[in-house]
Amino acid sequence: MTHTNSVHIIGGGLAGSEAAWQIASQGVPVTVHEMRPVRGTDAHHTDSLAELVCSNSLRSDDHTANAVGVLHEEMRRAGSLIMAAADTHKLPAGGALAVDRHGFSGAVTAALEAHELIEIRREEVSGLAGLDWDNVIVATGPLTSEALAAEIQALTDEDGLAFFDAIAPIVHAESIDETKAWRQSRYDKPGPGGTGADYINCPLDRDQYEAFIDALLAGEKTDFKEWEENTPYFDGCLPIEVMAERGRETLRFGPLKPVGLSNPHRGGERPYAVVQLRQDNALGTLWNMVGFQTKLRHGAQTRIFRTIPGLEDAQFARLGGLHRNTFLNSPRLLDHELRLRRRPSLRFAGQITGVEGYVESAASGLIAGRFAAAQHKGEVLAPPPPTTAHGALISHITGGHLSATSGDGGARSFQPMNINFGLLPPIEAPTRDEEGRRIKGKAKGLARKQAMARRALDDFSHWLATAGGGDGQATSTNSIRLLEGSNT
């Protein structure tokens with residue numbers, strides 16, 4: 001089966017598979033180019049499309065108060081093949097959506113192979129320069145082949161593509177105790193677009209600093225995966241615990257240096273050491289722990305970082321990490337339709353855009369697929385509003401990350417991100433429950449999340465109905481029918 005004038009997708013992972021399904025569901029032919037089994041990777045073990053290479057969990061399925069669950073539900077309403085396969089092959093996992101990995105990927109593969117508008121070519125696309133395709137989605141994931149990565153880099157520049165994540169934790173602003181922390185830039189310098197109070201500073205005295213170093217050195221670390229072991233550290237992204245191993249004072253002369261800062265809670269004295277947080281998104285809801293990339297396990301990070309004054313009750317939108325990855329400097333390179341600004345015939349989807357996680361990758365493929373289908377039909381599709389989980393993800397990677405608007409030309413500070421409520425515009429939470437009782441304490445946070453979840457789903461349904469979104473329910477029914485057929 002060969003389709004002419006089709007949309008071409010390079011990569012048959014979660015993003016590529018979902019994009020193909022969405023395109024075909026809009027009545028547009030699509031060709032998927034997947035290099036396995038012609039060429040394997042260090043992480044994959046099968047030839048199936050949408051193979052889950054690590055965990056078999058798609059995380060929380062609670063669409064009433066969890067941002068991941070909201071993304072799940074939005075995808076279901078848009079007729080997602082990935083979500084239909086997950087629901088068909090789910091396993092008991094409490095509030096999480098875990099799947100039988102082989103049944104899941106097998107069902108996705110069978111459904112795509114059975115669709116009359118989808119052609120699957122088992123071949124490697126090693127270059128883009130000679131292609132005459134005018135509507136392409138690159139969804140090659142974090143292990144993009146060296147040849148294709150080199151060509152993508154040539155299409156951008158030396159700062160356009162990263163090959164290693166150096167991820168620092170990100171904290172929800174509302175969980176930082178500013179009775180202990182304070183806002184100030186070093187020497188009160190405002191910088192481009194700043195005010196001179198552009199960082200949140202958390203002070204440590206000598207005893208607190210020494211205890212912090214001890215905890216870093218003793219904390220449980222994760223190991224590199226087999227395909228990462230030969231990728232060396234470079235000094236610009238050393239894990240914080242490796243810096244501590246080089247000497248107990250290293251951090252005090254590095255990311256925790258106290259110079260140029262004075263603590264207003266202690267009469268303006270200079271602290272012994274300072275942990276700085278830098279605003280990470282344009283909304284001001286997320287703050288990045290500067291220089292805190294780490295290989296500490298997540299439990300150790302939470303425990304150790306909450307010993308820092310001002311972060312005792314910190315809620316983390318993302319914890320730190322360091323691992324091999326291939327991803328674009330998307331805020332600078334991609335437009336709001338996920339097209340490469342320098343070559344608009346190319347769209348990108350999945351982890352290569354800077355989304356993190358199975359579900360987020362599939363969701364970006366869903367949106368990229370709908371954009372590509374609309375382009376094929378000569379239509380213009382408005383992106384989902386930023387109040388939705390899909391819209392928040394796309395807005396963040398194409399412009400919501402602060403470096404894209406801070407006057408530095410989009411310098412390389414962009415790092416992959418999971419969906420979280422901090423990416424959505426704030427909402428005024430209800431102050432009273434349905435019975436008229438005042439909402440207090442931790443219940444206020446839950447009420448705010450519930451309000452954001454309701455707004456997201458309402459707005460996404462409205463987008464589907466009015467912005468060319470198509471009949472998600474009909475598509476979802478078709479997804480399930482094909483999946484059921486693949487299991488007989």
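Residues numbered from 1 in each chain as written. Predicted model: local features only at pLDDT ≥ 70, side-chain atom pairs only at ≥ 80, totals over all residues. Heavy atoms only, no water.

Re the overall build of the chain
What counts here: The way it works is that DSSP assigns letters per residue, a run of H or I at least four long becomes a helix, a run of E at least two long becomes a strand, and they are numbered from the N terminus. Classification of residues uses two cut-offs on accessible area relative to the type maximum, computed with a 1.4 Å probe and protein chains only: under 20% is buried, over 50% is exposed, and between them is partly exposed. Contacts between residues were defined by any pair of non-hydrogen atoms, one from each residue, lying within 4.5 Å. Per-residue accessibility takes into account occlusion by the displayed protein chains alone, with areas from the Shrake-Rupley method and a 1.4 Å probe.
Per the secondary structure count, the chain includes 13 helices and 17 strands. Looking at the chain as a whole, 55% of its 488 residues are labelled buried. Counted over contacts in the chain with a minimum sequence separation of 6, partners at least 24 positions apart contribute 72%. Accessible surface computed for the chain: about 20200 Å², of which carbon and sulfur atoms make up 50%.

Thoughts on the sheet that holds strand 4 (residues 90-91)
As a reminder, the rule being used: Two strands pair if DSSP finds at least two bridges between them. For helices, the fitted line uses only the C-alpha atoms of the stretch in contact; every axis is such a line through C-alpha atoms, and the angle between N-to-C directions lies from 0 to 180 degrees.
Here we have three strands laid out as an open sheet, ordered 3-5-4, and antiparallel in their pairing. Of all the strands in the sheet, just strand 3 (57-60) and strand 4 have a single pairing partner and so form its edges. Bridging between strand 3 and strand 5 (residues 96-99) involves two bridges; their strand directions are antiparallel. Considered in strand 5, the bridge of Ser60 is made with Ala96. Against the sheet, helix 2 (residues 67-77) contacts strand 3 and strand 5, and its axis sits at roughly 115° relative to strand 3.

So, the environment of His336
Among the secondary structure elements, His336 is positioned in the loop between helix 9 (330-333) and strand 16 (339-340). Taking the C-alpha atoms as reference, His336 lies 9.2 Å from Ala382; in sequence the two are 46 residues apart.

Things to note about the packing of helix 1 (residues 14-25) against helix 10 (residues 358-376)
Cut-off, in case you're wondering: Handedness of a crossing follows from how the near helix is turned relative to the far one, being left-handed for an anticlockwise turn of less than a right angle and right-handed for a clockwise one. The nonpolar class holds Ala, Val, Leu, Ile, Met, Phe, Trp, Tyr, Cys and Pro. Asp, Glu, Lys and Arg form the charged class, and all remaining residues, Gly among them, are polar.
Running from amino to carboxyl end, helix 1 crosses helix 10 at an angle of 35°, the nearest separation of the two axes being 7 Å. Considering how the two elements wind past one another, helix 1 and helix 10 form a crossing that is right-handed. Seen from helix 1, the contacting residues are Leu14, Ala15, Glu18, Ala19, Gln22 and Ile23; seen from helix 10, they are Tyr358, Ser361, Ala362, Ser364, Gly365, Leu366, Gly369, Arg370, Ala372 and Ala373. For the contact of helix 1 with helix 10, the per-class residue count stands at nine nonpolar, five polar and two charged.

Topic: the sheet that holds strand 2 (residues 30-34)
Pairing is mixed in the open sheet, where six strands are placed in the order 6-2-1-7-17-16. The strands lining the two open edges of the sheet, one partner per strand, are strand 6 (118-122) and strand 16. In terms of strand pairing, strand 7 (residues 136-138) meets strand 17 (residues 343-348) through three bridges, oriented parallel. By the bridge assignment, Val138 is partnered in strand 17 with Phe348. Running over the sheet, helix 1 touches strand 1 (7-10), strand 2, strand 6 and strand 7 and is turned about 165° from strand 1.

Focus: helix 6 (residues 206-218)
In plain terms, the rule: Expected helix span is computed as 1.5 Å times (number of residues minus one). Under the rule applied, a polar contact is a pair of N or O atoms within 3.5 Å (in protein, one hydrogen donor and one hydrogen acceptor; residues adjacent in sequence only if both atoms are side-chain atoms).
Compared with an ideal rise of 1.5 Å per residue, which puts 13 residues at 18 Å, helix 6 spans 18 Å between its outermost C-alpha atoms and is within 8% of the ideal. Each element contacted by the buried residues of helix 6 is listed here: strand 11 (199-204), helix 7 (240-245), strand 12 (273-279) and helix 8 (298-305). For helix 6, the capping residue at the N-terminal end is Asp205, with a side-chain oxygen 3.2 Å from the backbone nitrogen of Asp207.

Comments concerning the packing of aromatic side chains
Keep this limit in mind: For Phe, Tyr and Trp, where Trp contributes only its six-membered ring, two rings pair if their centres lie within 6.5 Å, and the inter-plane angle classes them as stacked under 30 degrees, edge-to-face over 60, or tilted in between. In this scheme, Lys NZ or Arg CZ marks a charge over a ring once it lies within 6 Å of the ring centre and within 35 degrees of the ring normal.
All told, the structure shown has four aromatic pairs when counted by the stated rule. A ring pair is formed by Phe212 and Phe292, whose centres lie 6.1 Å apart and whose planes are at 40°; its orientation type is tilted. Placement of Phe212 in helix 6 and of Phe292 in the loop between strand 13 (286-289) and helix 8 is noted, with a sequence separation of 80 residues between them. The buried category is assigned to Phe212, whose relative accessible area is 1%. With a relative accessible area of 0%, Phe292 lands in the buried category. Centroid distance Phe292 to Phe305: 5.2 Å. Interplanar angle 70°. Geometry classified as edge-to-face. Of the two residues, Phe292 is situated in the loop between strand 13 and helix 8 and Phe305 in helix 8; the sequence distance between them amounts to 13 residues. Put simply, the rings of Phe212, Phe292 and Phe305 touch in pairs and so form one group of aromatic residues. Over the face of the ring belonging to Tyr272 we find Arg252, whose NZ or CZ atom lies 3.9 Å from the ring centre.

Re the pattern of salt bridges
Stated precisely, the cut-off is as follows: Salt bridges are counted wherever a side-chain nitrogen of Lys or Arg sits within 4 Å of a carboxyl oxygen of Asp or Glu.
Taken as a whole and assessed by the stated rule, the structure comprises 19 salt bridges. A salt bridge links Glu73 to Arg76; the nearest nitrogen and oxygen atoms lie 3.8 Å apart. A residue pair is termed a helical-turn pair when its members lie 3 or 4 positions apart in one helix, as Glu73 and Arg76 do in helix 2 at three residues. Look at Glu73 and you get buried, because its relative accessible area is 16%. Across the pair Arg266 and Glu269 runs a salt bridge, and its minimum N-O distance is 3.9 Å. Looking at Glu269, the relative accessible area reads 37%, which means it is partly exposed. In the salt-bridge network here, residues are joined through shared partners; they are Asp61, Glu73, Arg76, Arg77 and Asp87.

A closer look at the nonpolar core
Rules: Only buried Ala, Val, Leu, Ile, Met, Phe, Trp, Tyr and Cys residues count toward a nonpolar core, and they belong to the same one when joined by side-chain atoms within 4.5 Å.
Counting 90 residues, the largest nonpolar core has Ile23, Phe104, Ile137, Phe348 and Ile419 as the members making the most contacts within it. Counting residues per element, this core draws most heavily on helix 10, at eleven residues. Contacts of Ile419, omitting those with residues within four sequence positions, involve Arg59, Ala67, Val68, Leu71, Glu360, Ala389, Ala392, Leu393 and Leu424. Ranked by size, the runner-up nonpolar core spans 35 residues in total, among them Ala168, Ile240, Ala244 and Phe292.

Structural notes on helix 8
Taken together, the buried positions of helix 8 are Ala300, Gln301, Thr302, Ile304 and Phe305. Those residues of helix 8 that are buried lie in contact with helix 6, strand 13 and strand 14 (316-318).

Overview of the pairing of strand 1
What counts is decided by this rule: Classification remark: right-handed applies to a crossover when, strands pointing away from the viewer, the course from the first strand over the helix to the second runs clockwise.
Neither face of strand 1 is exposed, since Val7 and Ile9 on one face and His8 and Ile10 on the opposite face are all buried. Running through helix 1, the crossover from strand 1 to the neighbouring parallel element strand 2 is right-handed. Inspection of the sheet shows strand 1 paired to strand 7 by three bridges, in the parallel sense. Opposite His8, over in strand 7, you have Val136 as the bridge partner.

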